[in-house]
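Residue-level structure breakdown
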Amino acid sequence: MDLCSPKLPIFIELIPNFVHFIGLNMNTELFAARHIGITEKDMPHMLQTIGVENLDQLIYETIPDDIKLKKPLDLPAGIPEHEFLKHLQGLAQKNKIFKTYIGLGYHESLTPSVIQRNILENPGWYTAYTPYQAEIAQGRLEALLNFQTMVSDLTGMEIANASLLDESTAAAEAMTMLFELRSRPQKKENVCKFFVSEEILPQTLSLLHTRAIPLGIELVVGNHETFEFSEDFYGAMLQYPGKHGQVNDYASFVKNAKANEIKVAVAADILSLVMLTPPGEWGVDAVVGTTQRFGIPLGYGGPHAAFFATKEEYKRNIPGRIIGVTKDTDGYRALRMALQTREQHIKRDKATSNICTAQVLLAVMAGMYAVYHGPEGLKFIANKVHTSAKLLAKGLESIGLKQVNSAFFDTISVKVGNIDKLKEVCESREINLNYIDDETVSISLNEATSEEDLKLLLSCFIVSQDNTDDISFEGGVEEVIPTSLQRTAPYLEHEVFSSYHSETELMRYIKKLERKDLALNQSMISLGSCTMKLNAASEMLPLSWPHWGNIHPFVPLEQAEGYQEVLKSLEEQLNVITGFAATSLQPNSGAQGEYAGLMVIRAYHESRGEGHRDICIIPASAHGTNPASAVMAGMKVVVTKTDENGNIDMVDLEDKVIKHAENLSALMVTYPSTHGVFESSIKQITKLIHDNGGQVYMDGANMNAQVGLTNPATIGADVCHLNLHKTFAIPHGGGGPGVGPICVAEQLKPFLPSNPVVPTGGEEAITAISAAPWGSSLVCLISYGYIKMLGAEGLTNATKAAILNANYIKDRLKGKFDVLYTGERGRAAHEMIIDCRPFKANGIEVTDIAKRLIDYGFHAPTVSFPVAGTLMIEPTESESQAELDRFCDALISIRTEIDEASADEPNNVLKNAPHTLGMLTSDDWDMPYSREKAAYPLPYVAENKFWPSIRRTDEAFGDRNLICTCAPIEDYIEA
Ligand SMILES: *Cc1c(COP(=O)(O)O)cnc(C)c1O
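Because the structure is a prediction, the values reported are computed rather than measured.

Regarding its fold elements, the protein presents 33 helices and 25 strands. The C-alpha radius of gyration computed for the protein amounts to 28 Å, which stays within 12% of the reference 30 Å derived for 975 residues, consistent with globular compactness. In terms of principal-axis extent, the alpha carbons of the protein reach across some 85 × 85 × 65 Å. The buried share of the protein, taken over its 975 residues, is 64%.

Turning our eyes to something else, we now look at the packing of helix α4 (residues 43-50) against helix α26 (residues 777-812). Two elements in contact, α4 and α26, have axes separated by 8 Å at closest approach and are oriented at 55 degrees. Between α4 and α26, the crossing angle belongs to the class labelled oblique. As α4 runs across α26, the sense of the crossing is left-handed. Contacts between α4 and α26 involve Met-43, His-45, Met-46, Leu-47, Thr-49 and Ile-50 from the former and Leu-804, Asn-805, Asn-807, Tyr-808, Asp-811 and Arg-812 from the latter. The residue inventory of the contact of α4 with α26, partitioned by class, reads six nonpolar, four polar and two charged.

What follows is about the site of the ligand. Close contacts around the ligand come from 14 residues, with Thr-357, Ser-529, Asp-699, His-725 and Lys-726 the closest. One of the side-chain nitrogen or oxygen atoms of Thr-357 is found 2.6 Å away from an oxygen atom of the ligand. For the ligand, an oxygen atom lies 2.5 Å from a polar atom in the side chain of Ser-529. Surface burial for the ligand is 98%, taken as the share of its 380 Å² of free accessible area covered by protein chains. If you tally residues by element for the shell around the ligand, the top one is helix α21 (residues 590-607), at three residues. Classifying every residue of the shell around the ligand by side-chain character gives three nonpolar, eight polar and three charged.

Attention now goes to helix α28 (residues 881-900). Over its 20 residues, α28 extends 29 Å from the first C-alpha to the last, a length consistent with the 28 Å expected when each residue adds 1.5 Å. Extensive coverage of α28 is indicated by the burial of 14 of its 20 residues.

Annotation of the protein at the domain level lists domain 1 (375-473), domain 2 (582-775) and domain 3 (793-958). Between the C-alpha centres of domain 1 and domain 3 there is a distance of 60 Å.

The grouping of Asp-420, Glu-424, Glu-427, Asp-437, Asp-438, Glu-558 and Glu-561 at the surface amounts to a negative patch. The leading source of residues in the negative patch is helix α15 (residues 419-428), at three residues. Within the secondary structure, Glu-561 sits in helix α20 (residues 561-578).

Glancing now at the packing of helix α7 (residues 113-120) against helix α17 (residues 503-515). At their nearest, the axes of α7 and α17 sit 10 Å apart, and the two run at 20 degrees to each other. By the angle between their axes, α7 is roughly parallel relative to α17. In the packing of α7 onto α17, the handedness of the crossing is right-handed. On α17, the residues that touch Val-114, Ile-115, Asn-118 and Ile-119 of α7 are Glu-503, Leu-506, Met-507 and Ile-510. Split by residue class, the contact of α7 with α17 holds six nonpolar, one polar and one charged.

The rules we used
- Residues numbered from 1 in each chain as written.
- Predicted model: local features only at pLDDT ≥ 70, side-chain atom pairs only at ≥ 80, totals over all residues.
- Heavy atoms only, no water.
- Helix = DSSP H or I, 4+ residues; strand = E, 2+ residues; numbered from the N terminus.
- Rg over C-alpha atoms; globule rule 2.2 N^0.38 Å.
- Buried < 20%, exposed > 50% of the residue type's maximum accessible area, 1.4 Å probe, protein only.
- Axes fitted to C-alpha atoms, helices over the stretch in contact; angles between N-to-C directions.
- Parallel < 35°, antiparallel > 145°, perpendicular 65-115°, else oblique.
- Left-handed = near helix turned anticlockwise from the far one by under 90°.
- Contact = heavy atoms within 4.5 Å.
- Nonpolar A, V, L, I, M, F, W, Y, C, P; charged D, E, K, R; others polar.
- Near = heavy atom within 4 Å.
- Polar contact = N/O pair within 3.5 Å; in protein donor to acceptor, adjacent residues only side chain to side chain.
- Areas by Shrake-Rupley, 256 points an atom, 1.4 Å probe, with all protein chains shown as cover.
- Expected span 1.5 Å × (residues − 1).
- Domains from an automatic or database assignment.
- Patch = residues over 30% accessible without salt bridge, like charges linked within 9 Å, V, L, I, M, F, W, Y side chains within 5 Å.
- Salt bridge = Lys/Arg side-chain N within 4 Å of Asp/Glu carboxyl O.
- Lys, Arg positive; Asp, Glu negative; His and termini not counted.
- Charge placed at Lys NZ, Arg CZ, Asp CG, Glu CD.

Below, the structure is given as structure tokens:
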């Protein structure tokens, strides 16, 4: 073709539409057609079932008129999947992958390919939900138990949780847990001082600061050697090794602290603990850190799993989730989340932590890294890293440079004469170091550091400094860890850590666990409020590319141009979708977003001289994280009632607003409500709050019902968080990662959170909410892709389809299950609550229905939230009509079984559910119903049967005999 042909521009104009000329119904390039499960030809039947003429009528009857958007979203049209991948490849090239030795809590690591392929890239793992239904989650529960065992062993502590969001928030959780425990055993109720070693990572210090202020904790930063122990302190936080690599012996510090009733937490490097005395041996109260360097990509800041280990006596105060061992109905070993009664949604405003979503997928990967390498493999890796550091130190010393750490593991600190020259040389050779001041540099080595890398590093120093180039390793390298700090305690002795060291064995072990778990690659997971939609392969693929994975969060911005472009675009996309002025991607979960949003509101009031405003009004139906976040932000929670229709009770709300007008800080409201309804009085509500000096926080967990049709700015909110792991297609990963950005109106923009290393946020930014400047950047690629590929129209159609699907289920279940709440015109939003309380007359509880659904191949919807004894169903737009029908058929069939049940005969198909293969093939079957009815209640089930691996778990037994590590079974049976 002649490119200069004058006809070309005309042809180019046709190109965007040329697919229309093909004249077929199936446009294979339209991502929306892959993301949205229903098709044009399903519509007539679905609309007829609901009783509307067309989709527009349904939307009209669902969303109140006064909040409907008048214009389409101001976003470009969607692009095909292959184009998106090409686009991201182009952007990836703008990220420069230097050899990075910055350290500060982040290190290049090698993800074993077997773990990358079989876990990170496997929907069987990444699309699973939080393991609330233990019978169909034994695989990830076992993987998490391995993680806890690994953490307990390496830290030398008695008990560990199954992950927190990052090292800095984990440190903050330790600070607040110890604050909570400060009156044990001796009263220290009025003691608020907390010592923080100056060796702490800068991002952790910033975060401790953020969390300390609202609780009235006073941070005192100093040198642990000169610290004057006194009764005025309730706790202390140390870093091990220190931020620039110095390894200190804290034994006497801990001893002195104990004598003064000061509890001690240590932030530790998990790999160093393979070689160093674990803090547990000093008798510390908590050990926290990140497991990033156990095979997790840097991802420009996250996601990575943090750990939290402590003493058994504090088990009821541990933040986050703990996996514990118990037994099932038949007495077999079974795992489940332990101590559920201490879960945050029950503690509400008594909570001391708001952790809900954690970092499950990353914890699974880090635990598998330990399983794959085992104790000997980890020793090899730690030794390799340590030896690299020793060699480099020796080499630098031999050319006349001074290395200042008297003891170190992987990080050395070096005094240099000409730091500018060194930086220039290093940058020209694509090397990043940590430049501490104008004469000191620290270098953190890692698992990926090779001999060549060490040579190159040395040469940079030789070239840049006026020193001899006569490197000498004469006499070998000396021991640099004092005997008292050399680890002697064994670790990872459980056989799981020595059984799967070949790839074949590990691949099969991962598969074995995967097969026990029901994820989205098996069937629909209709979890109300959690929005389990498609996590498209095209959205996920780039996560495995090194140009996105292997980049440290603290590199100079010009090395991360690809990331900067994606993150900025995502912020802009979210601004458009919410109608707000600015977005911060920093929070690593919805609950962290809530906390961030409330802290921003707090800063706003303070900036106007109204710092006394501290009342946060929250409806009774709110998610438990809402009151927990409010308390953490130093606010007093006032609960407002809901009326009989499930809406906020306007009379009660007005009473409370007027009563607290002087001190009103905020209202937290979920929209559409957790009752699955678009409350029509929402604008009246937000106006009432504004008229009385408050700000409106919208919990955006239900954003899937809003995108493109209405938005938080339109309803009158000032700030919202979004759960990118719900509405914006980041997979749940079995309970994390999450991303919970906050989007804010103009007046709150100056206060968006910053980071002490790489400044972000507004002009009057609050201090850090997460360790990394942009939180979990790597998985932000997913949401960016989701929005980019769907485009304005696709996003809006997705919302409409979500509402259509929910209403279709509602009407198919009509007469069988009562829907508790609907909007004024009788419609559900994108989810609905079905009432299971009437079935108590037949002896059937909501749990029985949840467990029976497993026999039908389905994960239960949300159980007993926000109303006890109910199920909350949210199908999302990604399910097909066929799947919706199977799900409805299952529930309708269960309804028949409920009718057959009676309170007098508890031995029925519901009470015994779920039925395992072992139970059904046992020689003694004496149930009053057939095995076939138990296993194959509907024809579709037989064709694709999913077997639960255990029967119902015994919660009480497990909580009485708490075991949270891979102990052999005999240990707990005897207990
Ligand atoms: C999921 C959810 C949250 C909390 O989000 P996380 O990411 O789990 O912290 C808050 N509110 C509602 C209504 C939710 O559904």
